Amino acid sequence: MLVVDNISKTFFPGTINEKRALQGLSLHLKPGDFATVIGGNGAGKSTMLNSIAGVFPIDSGKVLIDGEDITKRPEHKRAKYIGRVFQDPMLGTAAGMMIEENLALAARRGETPGLGWSLSSDQHDRFYELLKELDLGLEKRMTAKVGLLSGGQRQALTLLMATLKKPKLLLLDEHTAALDPKTAAKVLALTEKIVTRDNLTTLMITHNMRDALRYGNRLIMLHNGRVIIDVQGEEKQHLEIPDLLAMFEKASGSEMASDRLLLG
């Protein structure tokens, strides 16, 4: 479903700040795969997601979704295929707009803007039921400005908005990292519920090894801009953190040095 074929990206080439962020990275996700992505600082996790989303052009390689080559398409043209939730709860929503207005915008993702975008009664009822499923009381605050919500409420809303039109690919960029542990657990449980219910093909970056092992059917580890570990199915189910650390050391030739991963 998603094919990332031998992509490379170097920032500030030819300068003292040159950074080879991706070095021939390849990845293939089947429809319905829920892959967690881990790796130390600078491994290329966010660069990979940004390359798939079209935030910046890649230097070489290809990105395909459902057989369509989207490598040259700008970010806004990829929006009809991709839903995304960012690490910062302030991103992904319009703070000055009401909850129901944000949802109405999400419902039109990928469409050409035009007149007559007012909220219909059918939409209002649908949004009410979807918000009710979040179990955060947001269905009673549909006319509240999003900027008044807590970080956890806002991130749950962003997740709902990103999956409203059942995207071909869902990208989650450490979407619980800025939340307290209790709220993060609730958002992760909600993530698993939505991804499983809608059978969404998903890439979820996390800095927490326990979460990487617990969620999804597949685990991918990056190092120096490449995939060095890719386990799935039954093999993933039986993995524990010491096993993962041993696999990393064997594949990379070095010990895991990221405190965020080790202490998460």
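Shown above is the structure to which this text applies.
Report on the accompanying structure.

Time to look at the overall build of the protein. Within the protein, the secondary structure is distributed over ten helices and ten strands. Radius of gyration (C-alpha) of the protein: 19 Å, near the 18 Å computed for a compact globule of 264 residues. Seen along its three principal axes, the alpha-carbon backbone of the protein occupies a region of about 60 × 40 × 35 Å. Taking all 264 residues of the protein together, 48% fall into the buried category. Relative to all contacts within the protein whose residues are 6 or more apart in sequence, the contacts with residues 24 or more apart total 68%. Entry remark: accessible area of the protein is about 12,900 Å², with carbon and sulfur atoms responsible for 51%. Each charge class in the protein was averaged separately, 34 positive and 32 negative side chains, and the resulting centres sit 4 Å apart.

Let us look at the pairing of strand β10 (residues 226-232). Two strands pair when backbone bridges link them, and strand β9 (residues 218-223) and β10 are joined in this way by six bridges, in the antiparallel orientation. In the strand pairing of β10, Ile220 is matched with Asp230. Counted between consecutive antiparallel strands, the loop separating β9 from β10 contains two residues, among which Asn224 sits at a positive phi close to 55°.

Residues Ile99, Leu103, Leu131 and Leu157 are the most contacted members of the largest nonpolar core, which totals 31 residues. Counting only elements with at least two residues in this core, the list comes to α3 (99-107), α4 (121-134), α5 (151-163), β7 (169-173) and α6 (181-198). The element that contributes the greatest number of residues to this core is α5, accounting for six residues. In contact with Leu157, other than residues within four places in its own chain, are Thr93, Ile99, Leu103, Leu131, Val146 and Leu149. Membership of the second largest hydrophobic core comes to 27 residues, among which are Leu29, Met48, Ala53 and Ile82.

Rules behind the numbers
- Residues numbered from 1 in each chain as written.
- Predicted model: local features only at pLDDT ≥ 70, side-chain atom pairs only at ≥ 80, totals over all residues.
- Heavy atoms only, no water.
- Helix = DSSP H or I, 4+ residues; strand = E, 2+ residues; numbered from the N terminus.
- Rg over C-alpha atoms; globule rule 2.2 N^0.38 Å.
- Buried < 20%, exposed > 50% of the residue type's maximum accessible area, 1.4 Å probe, protein only.
- Contact = heavy atoms within 4.5 Å.
- Areas by Shrake-Rupley, 256 points an atom, 1.4 Å probe, with all protein chains shown as cover.
- Lys, Arg positive; Asp, Glu negative; His and termini not counted.
- Charge placed at Lys NZ, Arg CZ, Asp CG, Glu CD.
- Pairing = 2+ DSSP bridges.
- Core = buried A, V, L, I, M, F, W, Y, C linked by side-chain atoms within 4.5 Å.

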